[in-house]
Amino acid sequence: MNVVVLVSGKGSNLKALLDAIAAGQCSAQINAVCADRDGAAALLLAQEHGIATQVVKFADYPDRKTWDEALARVVASYAPELVVLAGFMRLIDGSMLAHFRGRIVNVHPALLPAFPGLDAPAQALAKRVTLSGCTVHLVDAGVDSGPILAQAAVPVLPSDDVTSLHARIQHAEHKLLPAVVQAIAHGAIVLAESGPIFRSQPEADDLMFCWPPVA
Ligand code: GRF
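So, here is what we can say about the structure in this document.

**Focus: the packing of aromatic side chains**
If you walk through the whole model with that rule in mind, you get two aromatic pairs. Seen from their ring centres, Trp67 and Phe88 are 6.1 Å apart, and the 15° between their planes marks the pair as stacked. Within this pair, whereas Trp67 is found in helix 3 (residues 64-76), its partner Phe88 is found in the loop between strand 4 (82-85) and helix 4 (94-99), the two being separated by 21 residues in sequence. An identical accessibility class is assigned to Trp67 and Phe88; each is buried. Through pairs of rings, three or more aromatic residues link up here, namely Phe58, Trp67 and Phe88. Of note, Arg90 hangs over the ring of Phe58, and the distance from its end group to the ring centre comes to 3.8 Å.

Spelled out as structure tokens, the structure:
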């Protein structure tokens, strides 16, 4: 399965995908890594792996619509079957959604629909929840609002600050995201036009993962 990964930051989820691919646990091929800004560490990581990189800088365009059209053109040139938002810190717009409808996934550091948007680990701490985690979901026009594909939970400890909680959540993300990409590649999750269809479930002893979402 051909994949384009969109990034803005350090790229630990990109690394998790690359590691899973190298270990034969994820049958995807990353055709390109695109960023919305220069200097994202994830771009260097991609280059070290010989993967094409592109920067479609938000600041170079007059508005989000025009930027999104340029991004869609660049991403489409790599003909991805799946677009993975791995720490991509911009909301995409109509062109991306039209080109890749139902084939864009995002990883978010909270158990959606709780704590969408920015600073999810801080939001979780502020609400004093005892359980948080991460969600891989399909991207729609809203903020972290598309159909949930899979979630993984982690405890929130009394001693946690944002850094320690986010680190624990990221540990879970690094397992969940490659697992979901593999599930899509192998047809365990089918991205149908009508929405995701779940053809199988995780191993019964793998309690950390949960899909499909409970109806
Ligand atoms: C992750 O926590 C992801 O959930 C959020 O942004 C962070 C990206 O981290 N959307 P990285 O760049 O993959 O290390």
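**Description of the packing of helix 1 (residues 12-22) against helix 6 (residues 162-185)**
At a minimum axis separation of 9 Å, helix 1 and helix 6 run at an interaxial angle of 50°. In terms of orientation, helix 1 lies oblique with respect to helix 6. Crossing hand, helix 1 versus helix 6: right-handed. Here Ser12, Asn13, Ala16, Leu17 and Ala20 of helix 1 lie close against helix 6, whose contacting residues are Gln170, Glu173, His174, Leu177, Pro178 and Val181.

**Focus: helix 1**
Looking at helix 1, one finds that the buried residues are Ser12, Asn13, Leu14, Ala16, Leu17, Leu18 and Ala20. For helix 1, the elements touching its buried residues are strand 1 (2-7), strand 2 (29-35), helix 2 (41-48), strand 4, strand 5 (104-108) and helix 6. Backbone geometry just downstream of helix 1 places Gly24 in the positive-phi region, at approximately 75°.

**Here we look at helix 6**
Between its terminal C-alpha atoms helix 6 stretches 33 Å, which fits the 34 Å expected from 24 residues at 1.5 Å a residue. The principal kink in helix 6, of about 25°, is found at Glu173. Taken from the residues just after helix 6, Gly187 is the one with a positive phi, measuring 80°.

**Focus on the site of the ligand**
Inspection of the region around the ligand gives Gly9, Lys10, Gly11, Ser12, Asn13, Gly87, Val107, His108, Pro109, His166, Gln170 and Glu173 as its neighbouring residues. The backbone of Lys10 places a nitrogen or oxygen atom 3.4 Å from an oxygen atom of the ligand. Here a nitrogen atom of the ligand and a backbone polar atom of Val107 are 3.1 Å apart. A total of 370 Å² of accessible area belongs to the ligand in isolation, and the protein chains cover 89% of it. At the level of elements, helix 1, strand 5 and helix 6 are the ones that each hand at least two residues to the shell around the ligand. With three residues, helix 6 is the single largest residue contributor to the shell around the ligand.

**Some remarks on the packing of helix 1 against helix 2**
Interhelical geometry of helix 1 versus helix 2 gives an angle of 20° and a closest axis separation of 9 Å. Classified by the angle their axes make, helix 1 and helix 2 are roughly parallel. Contacts from Leu14, Lys15 and Leu18 in helix 1 reach Ala42, Leu45 and Ala46 in helix 2.

Criteria and thresholds
Residues take numbers from 1 onward in each chain, read along the sequence in its written order. The model is predicted, so local features are restricted to residues of pLDDT at least 70 and side-chain atom pairs to those at 80 or more, both for listing and for counting; the totals for chains, interfaces and linings are taken over all residues. Side-chain numbers here rest on the full set of heavy atoms in the structure, without hydrogens or water. Any Phe, Tyr or Trp ring, taking Trp's six-membered ring, that has another such ring centre within 6.5 Å forms a pair; planes under 30 degrees apart are called stacked, those over 60 apart edge-to-face, and the others tilted. Where helices and strands are cited, they refer to DSSP runs of H or I of at least four residues and of E of at least two residues respectively, numbered from the N terminus. To sort residues, take the accessible area from a 1.4 Å probe on protein chains only and compare it with the maximum for the residue type: under 20% means buried, over 50% means exposed, and anything in between is partly exposed. Charges are assigned to positions over rings by a cutoff of 6 Å between ring centre and Lys NZ or Arg CZ, combined with an angular limit of 35 degrees from the ring normal. The angle between two axes is taken between their N-to-C directions and runs from 0 to 180 degrees, where each axis is a line fitted to C-alpha atoms and a helix contributes only its stretch in contact. Orientation labels follow simple angle bins: below 35 degrees gives roughly parallel, above 145 gives roughly antiparallel, 65 to 115 gives roughly perpendicular, and whatever is left gives oblique. The sense of a crossing depends on the near helix, which, turned anticlockwise from the far helix by less than a right angle, makes the crossing left-handed and, turned clockwise, makes it right-handed. For this analysis, residues touch if any pair of their heavy atoms sits within 4.5 Å. To estimate how far a helix should reach, multiply one less than its number of residues by 1.5 Å. Bend angle per residue: angle between axes fitted to the 7 residues ending at that residue and the 7 residues starting there. In this text, near means that some heavy atom of the residue lies within 4 Å of the molecule or strand in question. Under this definition, polar contacts are N or O atom pairs within 3.5 Å; protein pairs additionally need one hydrogen-donor-capable and one acceptor-capable atom, and for neighbouring residues in sequence, both atoms have to be side-chain atoms. In these tables, accessible area is a Shrake-Rupley quantity obtained with a 1.4 Å probe, and a residue counts as shielded only by the protein chains included in the view.

Any link to function would need more than the numbers given here.
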